[in-house]
Amino acid sequence: RRHPPARRCLPAPGRRRPSAASRAEDAGGGHLNAGQVPDDALAKIQKRRDWPARMVQRAQVAAHRFVLVPAITAKGPLKVPFGLRFFQWFPLLRRLPARAIGLGLRPEHWTLAD
């Protein structure tokens, strides 16, 4: 079965999202190029990235607990968890976990300096 080509998500005309590098530089006060970033700037970056990391880790724990462990320890026929049956009913929603895993919950957009 062939999948449709991936669509590129472009910002609306006239709008640009700030890149992760520019956000980090804003947080670092321009110290990134010098190689010295103050601790408070690093704390801001860490705080921004903490929530997505925790959510991905929680999803991993849930996947292990509700999918992997029952599949390994099952002695009879396997029962598909409700969350996975939900994706069978609505195939378009299958893209959401793939996107969250592939891009993360808060994707970073990097730009290279010329």
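A.B. asks: Give me the lowdown on the overall build of the chain, citing residues and values where you can.
C.D. replies: In terms of regular secondary structure, the chain is built from four helices and zero strands. For the chain, the sequential pattern of α-helices and β-strands runs α-α-α-α. The buried share of the chain, taken over its 114 residues, is 8%. Carbon and sulfur atoms make up 60% of the accessible area of the chain, which totals about 10,400 Å².

A.B. asks: Just give me the short version of the confidence of the model for the chain, but keep the residues and values in it.
C.D. replies: A residue-level look at the chain finds 66% of positions with pLDDT of 70 or above and a mean pLDDT of 75. Confidence, expressed as mean pLDDT per element, reaches its minimum in the chain at helix α1 (residues 20-28) with 54 and its maximum at helix α2 (residues 39-73) with 88.

A.B. asks: With reference to specific residues and values, describe a nonpolar patch on the surface.
C.D. replies: Where nonpolar side chains cluster on the molecular surface, the patch consists of F66, V67, V80 and L84 and spans about 330 Å² of accessible area. Its place among the elements puts V67 in helix α2.

A.B. asks: Provide a residue-level description of α2, including the pertinent values.
C.D. replies: Its maximal kink placed at H64, α2 deviates by approximately 35 degrees. Among the residues making up α2, those that are buried are A41, I45 and P52.

Calculation rules
Residues numbered from 1 in each chain as written. Predicted model: local features only at pLDDT ≥ 70, side-chain atom pairs only at ≥ 80, totals over all residues. Heavy atoms only, no water. Helix = DSSP H or I, 4+ residues; strand = E, 2+ residues; numbered from the N terminus. Buried < 20%, exposed > 50% of the residue type's maximum accessible area, 1.4 Å probe, protein only. Areas by Shrake-Rupley, 256 points an atom, 1.4 Å probe, with all protein chains shown as cover. pLDDT = per-residue confidence, 0-100. Patch = residues over 30% accessible without salt bridge, like charges linked within 9 Å, V, L, I, M, F, W, Y side chains within 5 Å. Salt bridge = Lys/Arg side-chain N within 4 Å of Asp/Glu carboxyl O. Bend = angle between axes of the 7 residues up to and from the residue.

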